Amino acid sequence: MPVALLFAALTINAQEDAVKEAKRKMATDPIQAEALIQGALTNPETMSKADTWNTAGKIEKAIFDAEQEKMWLQQPNDTAKMFSSLVDMCSYFFKCYEYENVPNEKGKIKLKYSKANAAMIDQSRFSLIDGGNHFYMAGDDASALKSWGMYVDLASAPLMQSFNYAQTDTNIANVAYYATVAAIRAKDYKSTIKYAAVAATDSEYAEEVAEYTEASYLELGDTTGWEAYVKECIQRFPTNQYFFSRLINHYIMHNQLDVAEQYGKDMLANNPDNANTLFVVGYIYQLLNNYDKAVELMEKSVSIDPTSANTFSALGGVYIDLAQKASQEVPVDVNDPNYKQANEKYLAYVDKAKVNYEKSRQLAPDNRDLWLRPLYSIYYALNAPEFEEMERLMNE
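What this report covers is the structure whose coordinates are included nearby. No experiment lies behind these values; they were computed from the predicted model shown.

### Here's the deal with the overall build of the chain
Okay, step 1: In terms of regular secondary structure, the chain is built from 20 helices and zero strands.
Okay, step 2: Relative to the compact-globule value of 21 Å for 396 residues, the chain shows a C-alpha radius of gyration of 33 Å, a clear excess of over 25%.
Okay, step 3: Overall, the chain is about 110 × 50 × 50 Å in size when its C-alpha atoms are taken along their principal axes.
Okay, step 4: Partitioning the contacts of the chain with sequence separation of at least 6, the portion at a separation of at least 24 is 55%.
Okay, step 5: Total accessible area computed for the chain in this model is approximately 21,400 Å², and 51% of it derives from carbon and sulfur atoms.
Okay, step 6: Put simply, the chain has 37 plus and 55 minus side-chain charges, and the middle of one group is 8 Å from the middle of the other.

Pasting the structure below:
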């Protein structure tokens, strides 16, 4: 026998022996049994056998049971290991089921282990929720995701279909929500999208997890999927302006003002009296230098929602733009016959800007980014006594 073939055969035999030894150690020392079987889970020959994965799953079940018994007896125990073993048990039994469904040399499928394995998972599955709670409280978001995620995955796992969890278990959407939160915290954005879709089947969580999903698409760099998803959310949640604002901001940031304008027009047609829609579309027109239209929409917005400091600040910004444009028409010579009218037009815009920024300050005194610097410049230009206060605040 060639040396290479001899070495391969010896390796296979070693892994098969390891599986047998792991079976013997399972009851008395499951931790050692776990170590013994690891090589067999990656060896091409042994990893394709259902018996290997069945043994690995039963070892994890033995570890879980042993640690759980210690916990019940109030003895020192490894709680993290207990719960992680339960997740591994499920994963290994899934693999066992996968290989059991491979037809044998006669083209037949024999399910030797799956019924018993499914029953073991069903008996212990609620502990997956406890495991998620344990890891989450410990700050281990990745492990919390694995526990909660596995609980949710059981509903669609082929091995578990006879239990019909998707129709009978009312906890699934709730656990999926917590899995989503753990996933976004762990920066596992693919899992965020996956579990958010399940959590969204409960209206209580739908809008919140949609925001997590939207953010995850961007984190993954999938702008095509992101745009399609945001447009879907705009239709699903017509009263939630978050998604509309995010989409328009995306178009603006990518210099697609024409696309933003058209989408804004469409939204206004459907929401002509929505304050936020009016504000956002008004901002688009400001960027397009259509100041009259921007003023029209923002003025209507603050008439509908007179509590929006952001809109008053933005409206003040439009009037600043108009004032700057008007200032270019003011003759340098004060004796010019057009000076008085042009200067009054300029000052009128400045005054309107001042009024709106002052209103923004009144509504949000602690949010100085909305009004401090503009009022500083306006009071300075007008030589107003309020300038001293603004200067003091600027220097704080």
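### Describing the nonpolar core
Okay, step 1: In this structure, Ile234, Phe244, Ile248 and Trp371 are the most contacted members of the largest nonpolar core, which totals 57 residues.
Okay, step 2: With nine residues, the single largest contributor to this core is helix H17 (residues 309–327).
Okay, step 3: Apart from residues lying up to four places away in sequence, Trp371 is in contact with Tyr357, Ser360, Arg361, Ala364, Pro365, Met390 and Leu393.
Okay, step 4: If you look at the next biggest cluster of nonpolar residues, it comprises 39 residues, including Phe64, Ala155, Ile172 and Ala196.

### Side note on unusual backbone geometry
Okay, step 1: Of note, the phi angle at Gln74 is positive, near 60 degrees, even though the residue is not glycine.
Okay, step 2: Within the secondary structure, Gln74 sits in the loop between helix H3 (50–72) and helix H4 (79–100).
Okay, step 3: With a relative accessible area of 74%, Gln74 lands in the exposed category.
Okay, step 4: One non-glycine residue with positive phi stands out, namely Asn289, at about 65 degrees.

### Notes on the pattern of salt bridges
Okay, step 1: Under the criterion given, the structure shown has 23 salt bridges.
Okay, step 2: A salt bridge links Arg368 to Glu396; its shortest N-O distance comes to 3.0 Å. Within this pair, whereas Arg368 is found in the loop between helix H18 (339–363) and helix H19 (372–382), its partner Glu396 is found in the segment after helix H20 (387–394), the two being separated by 28 residues in sequence.
Okay, step 3: Owing to a relative accessible area of 59%, Glu396 belongs among the exposed residues under this scheme.
Okay, step 4: In this structure, a network of salt bridges that share partners links the residues Asp122, Arg125 and Asp169.

### Focus on the packing of aromatic side chains
Okay, step 1: Summed over all chains, the structure comprises 13 aromatic pairs.
Okay, step 2: Relative to Tyr165, the ring of Phe163 has its centre 5.5 Å away and its plane inclined at 10 degrees; by these criteria the two rings are stacked.
Okay, step 3: Taking relative accessible area as the criterion, Phe163 reaches 28% and is therefore assigned partly exposed.
Okay, step 4: Centre to centre, the rings of Tyr217 and Tyr229 are 5.6 Å apart; their planes meet at 40 degrees, and the pair counts as tilted. Here Tyr217 is found in helix H11 (residues 203–219), whereas its partner Tyr229 is found in helix H12 (residues 223–236), with twelve residues between them in sequence.
Okay, step 5: Judged by relative accessible area, Tyr229 falls into the buried class, the value being 12%.
Okay, step 6: Within the aromatic cluster, the residues linked to one another by ring pairs are Tyr136, Trp148, Tyr177, Tyr178 and Tyr205.
Okay, step 7: Above the face of the Trp53 ring, Lys95 is positioned so that its terminal group lies 5.7 Å from the ring centre.
Okay, step 8: The aromatic ring of Tyr165 is capped on one face by Arg125, whose charged end is 3.8 Å from the ring centroid.

### Remarks on the environment of Asn343
Okay, step 1: Note that Asn343 resides in helix H18.
Okay, step 2: A relative accessible area of 18% means that Asn343 is categorised as buried.
Okay, step 3: Residues Asn343 and Ser313, spaced 30 residues apart in sequence, show a C-alpha to C-alpha distance of 24 Å.

Conventions and cut-offs
Residues numbered from 1 in each chain as written. Predicted model: local features only at pLDDT ≥ 70, side-chain atom pairs only at ≥ 80, totals over all residues. Heavy atoms only, no water. Helix = DSSP H or I, 4+ residues; strand = E, 2+ residues; numbered from the N terminus. Rg over C-alpha atoms; globule rule 2.2 N^0.38 Å. Contact = heavy atoms within 4.5 Å. Areas by Shrake-Rupley, 256 points an atom, 1.4 Å probe, with all protein chains shown as cover. Lys, Arg positive; Asp, Glu negative; His and termini not counted. Charge placed at Lys NZ, Arg CZ, Asp CG, Glu CD. Core = buried A, V, L, I, M, F, W, Y, C linked by side-chain atoms within 4.5 Å. Buried < 20%, exposed > 50% of the residue type's maximum accessible area, 1.4 Å probe, protein only. Salt bridge = Lys/Arg side-chain N within 4 Å of Asp/Glu carboxyl O. Phe/Tyr/Trp six-rings, centres within 6.5 Å; stacked < 30°, edge-to-face > 60°. Lys NZ or Arg CZ within 6 Å of the ring centre and 35° of its normal.

Coordinates in, geometry out; function isn't part of it.
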